[in-house]
Structures are given as C-alpha cells and as structure tokens.
Amino acid sequence: MTDTTTLPPQPTDADQPARSGIEIRNLYKIFGPHPERWIKHVQEGMTKEELNDRHDHVLGLRDISLDLAPGEISVIMGLSGSGKSTLIRHINGLIAPTAGQILYEGRDVVAMSTSDLRTFRRTKTAMVFQKFALLPHRTVLENTLYGLDIRHIPRDQAEPVARKWIDRVGLSGFEANYPSQLSGGMQQRVGLARALANDADILLMDEAFSALDPLIRMDMQKVLLELQEELRKTIVFITHDLDEALRLGDSIAILRDGALEQTGTGQDIVLRPANDYIAEFVREVNRGKVIRAERLARPLAPDEPPPRLRVEGRRVIELVARDMAQMGETHALVTDRKGTEIGVIEASTILSAMVTPAESLT
Amino acid sequence: MATCWGLPDALCSFPSLDAKSLRMMRKGIDDGFREIVRAHSETIDAATAPLQIFLNWLENLFTHAPWPAMMIVILAIVWAGARSWRTVIGAALAMVLIGVFGLWTDTMTTLAMVTVATIVAILIGLPVGIAMARSDRIQRFLTPLLDVMQTLPSFVYLIPVVVIFGIGKVPGLIAVVIYAVPPMIRLTNLGIRMVDPEVTEAADAFGAAPRQKLFGVQLPLALPAIMTGVNQTIMMSLAMVVVASMVGVGGLGKNVLQAITNQYFTTGFLNGFALVAIAIIFDRTSQAFGKRLQKHREARHD
C-alpha cells in the first residue's frame, strides 16, 4: 500500500473552502437472491409488501435522497427495521446498493473499485459501532492505533496521535488495559478514540450510544458535542432515540420502513411534523428543550421600548423562560451570536409553544 | 432355503451381484490401483523423502540425546505452556517412571513420531481450515470428506496407504496424519467463523485488506479454538501410533502390538500407561496454553 505513509495534518480549521458533504441520490436496496430482477418494478412503484409476499425479496431502502451537510451532525432516526443501519453502511460501502449513488468530493462511493474503496475507508471515514466492536486481544492503546496500523503508519508517528485521543476521550491511564477490563461506557470511549485517531472527515456512528446506560449515554453525548464543537467533522449518527436525535442533530432525517418520512432540523420536526406518524413520534418530546428563542421571536414594534433582558437566539425556550422568571420579566430581546437584535420574545408565546398544540392531541 | 415367511427368493435374501462379477470388480480395482502405484513409485518415494529424512533426524535426535537433556527440554516446554509447577512436577514424575521401567527410548521414538505428525497436521490443517472458513463451497465439499476421514476405521485406509507407500515409518506417519488432521481443520474453520461479525465489520470499516483482516483479527481471535484443534490433533496422533505400529512404526505402539499378539499383559499395560502419561502431559500443557490465550479475547459487556 502506498496510499498513506505519512500522517495527514490534524484537523484545525473548520472553514476550508467548499468542503464536501455527502449526497445520497435515489438509493435503493433490495435484499434477496435476485435484487436486479425486481429493482425496475420497485422503482416503478411496487410496494414493499408485494415484493416480500409474492417475490420473496425484502425492500431495505426505497428511494433515499439525502444531503448530509459537511461539518455537521446529521442524525438518521428510525425504529428497528427502518433501514437506518443499512443506510449508514452504504456510506462507507460495507453494503452495496441495488441502485443509486453516494457522492462525496464529487466521487461516487458506489462505483469505486475495491482498492479505491479501501483507500476511501482508510482515509475519509471512521466508524463507531453499537456494540463497540473493539479488538479484544489488543489493549486500549493498540485498539486506538488500529486504523493507523492498517494504513502502515509507523508506530513512532502513530502512537502520539493515539495517546492524544485516548486523553481527549478521558481514558488516560487505561492505555495498557484490555477492553474486557473496562465498563461499557469506557469501551465506547475507546471506540470513539479509535475512530478519531483515524483523522477522517466522515464519522459514522451506528447507534453508538444505544448500548449504554442512560446517564453514561448523556455523558457520551456531551463528549461528542464538545469534540464536534472543535473538530467540525461530518458526522452521521444513527439512533432510535428521539431525545438523542434532538440533542445531537443539526439536522434529522426520520426513516420508516426503508423510506424517508421527514428531514429537517429538530425544531422543524417538532413544530411541523410532516404526517401523523411523525406527530405521534414527537408528541412526548419536551418541546421547551428543543425550540429555540429565535424561532419564536417577533420583530420589535416601532414604538416599543426594548426589553431589558437579552437572550441569545440559540437558547432553548425552557431556559429563556427560566431567565424571565428569575428576572421577573415578561419580554426578552433575542439576539444572534454577535449580539445583533433579532426581535422580541414574550412569555405567553413561550408558554403556548411549550404545550403540545391542540390539533395533534387527537 | 427360502423359508422366510414363505416369500419368493428375491424378497428373502437380498439380490446381490453374483460372486464372479464381484470378484472381477475387486480384482480389477486392486490390480489397476497397484499398476498405477507401481508406475509412479519413484515419484511417490521422492515426494515422501523429505518427510522420511526429517522423521529420521528427529528420532535420532530424541533417542540419542542424553536423557537429562531431553528431560530438561520437555519440562521447559511444559513450563512455557502451562506455567504451573504442579504440571511440571507431574510431568517429571511421569518421565522418571517411564525411564525406570525401561521405556525411555521407545517413548522418545513415539514422541518424535507424534511431533512430526502434529507439525504436518498443523501445516495441512491450518491453511485448509482457513480456506474452509472463507468459502461456503469449500466447506460443503470438505465436511463429508472430513466425516469419512474420522469415521472410516483406520485399518481400512491403512491398506491403500501400505499399497502406495509400502511398510515403514512414513506410511505410518501418513496414516496418523489422516486420522489426526480433521479436528485441526474443523476447529480452525469453526474458530474463524465464530469471530464476532461486528469485529470483522469494524476491520472492514477501517479499510483492512483481506490479509490484514485474517492475520490481525480473524486468526488471533480464533486462536483459542485453533489451540483446541492442536490439542485434539496431538491426542489423536498418540492414540493412532498403536495402529500405525502395524505398518512398521516403532516405539511404544509396537510394544503394545507385540503384547497383544503374545498376551504379555504387563508389557501391554506399562506401554499403554506410558502413552497415557505423555498424552496427559501434552494435554495439560496445550490446554493451559490455550486458556492463557483466551484471557482477554472474550468480549465482556456489563
């Protein structure tokens, strides 16, 4: 292998010009002995049931087109059997689609040769697994080195990188331990360090935190968000947990029976569910933790005195409400990150946004 | 004659080929087989020559080395594998008893034979097992073959082995290997197939080439199973040396065979127990080694 004998530069600058996201185009996946025989029919509208009952093939994914923005966390959410794990495995070619394209930096992952695909996986992607998938015969340090070993990077270059990431995920002192000696949460930190040490632009996380206890899961979500703040990787995060999706996702795509139901930001999905299925899904969500102040701000009336309380537009309304209660205010001035005024938010608006709207209470 | 329930003859005794055609068939196959072997006898000899040389060399080394040296080497191997003083002391005691009862040289001959048989079985079994794990088609083809190798009475395939290779150590060795190699193949295959699919998927996801995946993930994780295969191979070759003595393999097996034909039951038991003693030493050593390998290999979730 000649693809990588030196380490590429560590990620520092998030604002490289024209960074590529991942574009998924009309992706279909049929499982069964002869998918090519039925793809035309499915594209012309054969239902999943008909394909399954009459022709004994399973429709895994149906016409998925999705843009995953660079430097953001794109969450793909769905219940078990929705095809979300199948979809994420298409991005690094672990599963080949029956039809469709996956474009990254202008190249179609689907059309790559075996060796190109291998190079792509080594240099552009890294993956974190639900059940950690650590190598039990390697120590924490050696597990973290795995991706670099695969690329034949000499140990004297690779080890400092691995140690740095072990430190960043909070596992300093455990370098010489074996995975079996660690708790689930710590094992997944190794999984994360192993993926980050690969210094790939794309981070694929397949239900990465689903196997963890709730408290540890929250902890890991925090770790991920903190790292992402600095690294700005293109993260694809799979989950079946809406709260997790809303907490992590810059954008969320909801998958059901292999087809996309809705895509948008967390607020979009909570405030404007595309159909009954999504509405059902988001009913129990704590809306105060999802909706941000900027969303509810109205323009300041010409003769209105500006409120004394200033809140940042990205602040969720639950926290804005708390600020108001503490200050004894009923209005707040909403600003953007730089402090420029966006508008005014009122306590009554917050209150009505926090309770579930009447029409979806049926 | 046909008295079974007054039925006609054809339903009473199974209609077989007549004696003449059967005799013709047997003779035809046997003669044809001998003819082929005779035509290729030089090739066969040349092919087995390295085996013969290696086996003779090792046997000479084992039997001519001073007994304290052999003892130290064996005990060192036991210690390296088992890491337990109890096993080492047990092994030392067994070897002292073997020596006291005058079986040292025969035991060394048998040991040389088993060592070579095990090495050959691993050299054949490991790659075949790997190939079997990688291809379902090869597995479908090999499984019945392995079944035959393990269940066919060893005396039966001793016959063609003797026809092809004659009488001597090498044909004995080949018979032992045929008998001892199936567990090596099976357990290598099983060990690789049982590796957690998520771990091999992780290797794929990080861009491991097939070779990197095999040597970096599959073989290391299959190693405990492979070690069980090695253990089984050793046990089966020890069991087989008695049968192999029928075609001219020396050592403890030959003594047992003589004891059987002459009804020397003391000789029989002493040699039999010597075989058991070696078997236990090897078994404990290789199992403890396998267990040590396993220590970190099982993923534990809590």
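Only a predicted model underlies this, so the values are computations on that prediction, with no experimental measurement involved.

Undergrad: Would you explain the overall build of chain A in this entry?
TA: Within chain A, the regular secondary structure consists of 15 helices and 13 strands. Relative to the globule expectation of 21 Å for 362 residues, the C-alpha radius of gyration of chain A, 23 Å, shows essentially globular dimensions. Projecting the C-alpha coordinates of chain A onto the three principal axes gives extents of approximately 70 × 60 × 40 Å. Split into buried and exposed, the 362 residues of chain A put 41% on the buried side. Pairs at least 24 apart in sequence give 66% of the contacts found in chain A among residues at least 6 apart.

Undergrad: Would you explain the domain arrangement of chain A in this entry?
TA: Where interface size is given, it is often the accessible area lost as the parts come together that is meant. Residue and element names in this part refer to chain A. Parsing chain A into structural domains produces domain 1 (68-98 + 109-282) and domain 2 (287-361). Taking the mean C-alpha position of each, domain 1 and domain 2 sit 34 Å from one another. Contacts between domain 1 and domain 2 engage six residues on the former and six residues on the latter. By residue number, the principal contributor to the side of domain 1 that touches domain 2 is helix α11 (residues 266-271), which donates four residues. Of the residues assigned to the side of domain 1 that touches domain 2, the class counts are four nonpolar, two polar and no charged.

Undergrad: Sorry, what's going on with the sheet that holds strand β12 (residues 331-335) of chain A here?
TA: Sheet strands pair by backbone hydrogen bonding; their relative direction is either parallel or antiparallel. Residues and elements named next belong to chain A. An order of β11-β12-β13 is seen for the three strands of this open sheet, with the pairing classed as mixed. Only two strands of the sheet have a single partner each, and these edge strands are β11 (310-312) and β13 (341-346). Neighbour-to-neighbour, the strand axes of the sheet open up by a mean angle of 35°, direction not taken into account. Relative to β12, β11 runs parallel, the two sharing three bridges.

Undergrad: Just checking my understanding: could you explain the interface of chain B and chain A for this structure?
TA: Opposite the 21 residues of chain B that make contact, chain A presents 22 residues. Looking at the side of chain B that touches chain A, the elements with two or more residues in it are α10 (197-205) and α11 (210-244) of chain B. The element best represented in the side of chain B that touches chain A is α10 of chain B, accounting for six residues. Taken together, the residues of the side of chain B that touches chain A sort by class into 10 nonpolar, four polar and seven charged.

Undergrad: Explanation requested: the UniProt feature "domain: ABC transporter" (unreviewed entry) in chain A in the structure shown.
TA: Cross-referencing UniProt, the feature "domain: ABC transporter" (unreviewed entry) maps to residues 46-282 of chain A in the present numbering. The span residues 46-282 of chain A is 43% helix and 22% strand, and its two end C-alpha atoms sit 30 Å from each other.

Undergrad: So what exactly am I meant to see when it comes to the confidence of the model for chain B here?
TA: In low-pLDDT regions, the fine details of the predicted coordinates are not to be read closely. Residue-level pLDDT values for chain B average 89, and 97% of them are 70 or greater. Predicted complex metrics record ipTM = 0.82 and pTM = 0.82.

Undergrad: What's the story with helix α4 (residues 114-123) of chain A in this structure? I'm lost.
TA: Think of an α-helix as turning once every 3.6 residues; residues three or four places apart then point the same way. Buried within α4 of chain A are the following residues: R118, F120, R121 and R122 of chain A. Tucked into the core, α4 of chain A has its buried residues touching β6 (125-128) and α6 (146-150) of chain A together with α10 of chain B.

Rules used in this analysis
Residues numbered from 1 in each chain as written. Chains lettered and ligands numbered in written order. Predicted model: local features only at pLDDT ≥ 70, side-chain atom pairs only at ≥ 80, totals over all residues. Helix = DSSP H or I, 4+ residues; strand = E, 2+ residues; numbered from the N terminus. Rg over C-alpha atoms; globule rule 2.2 N^0.38 Å. Buried ≥ 20, exposed ≤ 12 C-beta atoms within 10 Å, placed from the backbone. Contact = placed C-beta atoms within 7 Å. Domains from an automatic or database assignment. Nonpolar A, V, L, I, M, F, W, Y, C, P; charged D, E, K, R; others polar. Pairing = 2+ DSSP bridges. Axes fitted to C-alpha atoms, helices over the stretch in contact; angles between N-to-C directions. UniProt positions renumbered as here; feature names shortened; annotations may be inferred. pLDDT = per-residue confidence, 0-100.

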